[in-house]
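Chains, contacts and geometry: an overview
Okay, here's what each chain looks like letter by letter:
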Amino acid sequence: MPIMKQNERKIETERKIENAFLELVELKGFENVHLVDIAKRANVNRNTVYLRYGAKEDIIAQILDKTFAKRLEKISDEVFKKVKPTKRRLEMIFKQVFELIDHDIDLYRLVLTDQNLYGYMNSVVQTIRDKIANNLVDNVKNKIALEYMVQGIYGIIRNWIIYDIGTIEDNVKIIMNLLLTNVRLLTYK
């Protein structure tokens with residue numbers, strides 16, 4: 001079989017498995033989903049699921065990686081360049097993060113509302129934390145201020161996802177008002 005066809009087939013199989021997984025989690029909850037159920041719903045051999053993922057935890061990790069970490073990389077490096085952020089740059093960052101999440105909001109709502117998946121958002125939050133911290137001097141003041149900001153922003157985003165509070169623009173404006181004084185505390189490289 002030509003390599004192109006094999007890659008297409010692999011991608012299609014992964015898509016079927018991931019979609020089946022998400023459907024089952026929504027129906028039964030993460031704890032009650034088993035790889036055998038996923039294989040059956042995806043209409044693939046269970047060995048295929050075991051070989052590609054090994055565990056259902058690997059499926060959700062890969063889905064989140066595809067939907068967030070890789071898309072976050074697409075946010076312009078210009079936004080994260082090593083200079084003190086301006087109000088405009090911060091607005092761009094948060095608008096892009098909200099739009100990135102909005103693209104897959106049902107996935108994030110599922111992850112945030114299933115108590116067994118909630119912890120997977122830590123990797124998403126860590127990705128954002130790392131992107132911002134990369135431009136800061138490594139000191140205690142920055143670590144505390146950054147954590148305060150990241151957790152506050154995460155809370156706002158979480159409420160927006162779960163409870164549909166405000167528009168992207170409303171949330172970005174509120175975050176900006178909260179951050180403007182805190183950003184002045186940070187020390188940049």
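Everything here concerns the structure above.
Small disclaimer: the values here were computed from a predicted structure and weren't measured.

A word on the overall build of the chain. Helices and strands together make up the secondary structure of the chain, namely nine helices and zero strands. Counting only residues that meet the buried cut, the chain has 41% of its 189 residues in that class. Here the analysis covers contacts within the chain between residues at least 6 apart in sequence; of these, 69% occur between residues at least 24 apart.

Formed by 54 residues in total, the largest nonpolar core has its most connected members in Phe21 and Ile38. Counting residues per element, the ones that place at least two in this core are α1 (3-28), α2 (35-42), α4 (56-72), α5 (87-103), α6 (105-113), α7 (121-133), α8 (140-163) and α9 (168-183). Ignoring sequence-local partners within four residues, the contact set of phenylalanine 21 consists of Phe30, Val33, Ile38, Lys56, Ile59, Ile60 and Ile63.

For the structure shown, the criterion picks out nine salt bridges. Lysine 28 is the salt-bridge partner of aspartate 37, the closest N and O atoms lying 3.1 Å from each other. Note that lysine 95 and glutamate 99 form a salt bridge whose closest N and O atoms lie 2.4 Å from each other. In this pair, lysine 95 and glutamate 99 both sit in helix α5, four residues apart, roughly one turn of the helix. The exposure class assigned to lysine 95 is partly exposed, which follows from its relative accessible area of 33%.

What follows is about empty space enclosed by the protein. In this approach, a probe sized like a water molecule rolls over the atoms, and the result shows the empty space that is left. For the structure on display, the rule yields two cavities of 30 Å³ or more. In this structure, the second largest cavity encloses a volume near 120 Å³. Lining the second largest cavity we find Phe94, Ile101, Met121, Val124, Val125, Ile128, Val150, Ile153, Tyr154 and Ile157. Elements that contribute at least two residues to the lining of the second largest cavity include exactly α5, α7 and α8. Split by residue class, the lining of the second largest cavity holds 10 nonpolar, no polar and no charged.

For α7, spanning 13 residues, the distance from its first C-alpha to its last is 18 Å, which sits close to the expected 18 Å at 1.5 Å a residue. All of the buried residues along α7 are Met121, Val124, Val125, Ile128 and Arg129. An end-on view of α7 places all buried positions within 135 degrees of arc, on one side of the element.

Tracing the backbone through its elements, the reader meets arginine 129 in helix α7. Aside from chain neighbours lying at most four places away, what touches arginine 129 is Leu146, Glu147, Val150 and Gln151.

Further remarks concern the packing of α6 against α8. Where α6 contacts α8, the two axes come as close as 9 Å, and the packing angle between them is 105 degrees. With respect to each other, α6 and α8 are oriented roughly perpendicular. Facing Ile105, Tyr108, Arg109, Leu112 and Thr113 of α6, the residues of α8 in contact are Tyr154, Arg158, Trp160, Ile161 and Ile162. Considering only residue class, the contact of α6 with α8 consists of seven nonpolar, one polar and two charged.

With that settled, the discussion passes to unusual backbone geometry. Positive phi, normally seen in glycine, also occurs at asparagine 43, with a value near 60 degrees. Note on placement: asparagine 43 falls in the loop between α2 and α3 (46-52). Owing to a relative accessible area of 66%, asparagine 43 belongs among the exposed residues under this scheme.

With the rule as written, the count across this model stands at three aromatic pairs. Measuring from ring centre to ring centre gives 6.1 Å for phenylalanine 21 and phenylalanine 30, while their planes differ by 85 degrees; the resulting arrangement is edge-to-face. A single burial state applies to phenylalanine 21 and to phenylalanine 30, both of which are buried. On the numbers, 4.8 Å between centres and 65 degrees between planes, the contact of phenylalanine 98 with tryptophan 160 is edge-to-face.

Its place among the elements puts leucine 136 in the loop between α7 and α8. Since its relative accessible area comes to 4%, leucine 136 is described here as buried. As a C-alpha pair, leucine 136 and threonine 187 span 51 residues in sequence and 6.0 Å in three-dimensional space.

About the cut-offs
- Residues numbered from 1 in each chain as written.
- Predicted model: local features only at pLDDT ≥ 70, side-chain atom pairs only at ≥ 80, totals over all residues.
- Heavy atoms only, no water.
- Helix = DSSP H or I, 4+ residues; strand = E, 2+ residues; numbered from the N terminus.
- Buried < 20%, exposed > 50% of the residue type's maximum accessible area, 1.4 Å probe, protein only.
- Contact = heavy atoms within 4.5 Å.
- Core = buried A, V, L, I, M, F, W, Y, C linked by side-chain atoms within 4.5 Å.
- Salt bridge = Lys/Arg side-chain N within 4 Å of Asp/Glu carboxyl O.
- 1 Å grid on protein atoms, 1.4 Å probe; cavity = no way out; pocket = protein on both sides within 12 Å on 5 of 7 lines; lining within 4 Å.
- Points joined across faces, edges and corners; volume = space filled by probe spheres on them.
- Nonpolar A, V, L, I, M, F, W, Y, C, P; charged D, E, K, R; others polar.
- Expected span 1.5 Å × (residues − 1).
- Arc of directions from axis to C-beta.
- Axes fitted to C-alpha atoms, helices over the stretch in contact; angles between N-to-C directions.
- Parallel < 35°, antiparallel > 145°, perpendicular 65-115°, else oblique.
- Phe/Tyr/Trp six-rings, centres within 6.5 Å; stacked < 30°, edge-to-face > 60°.

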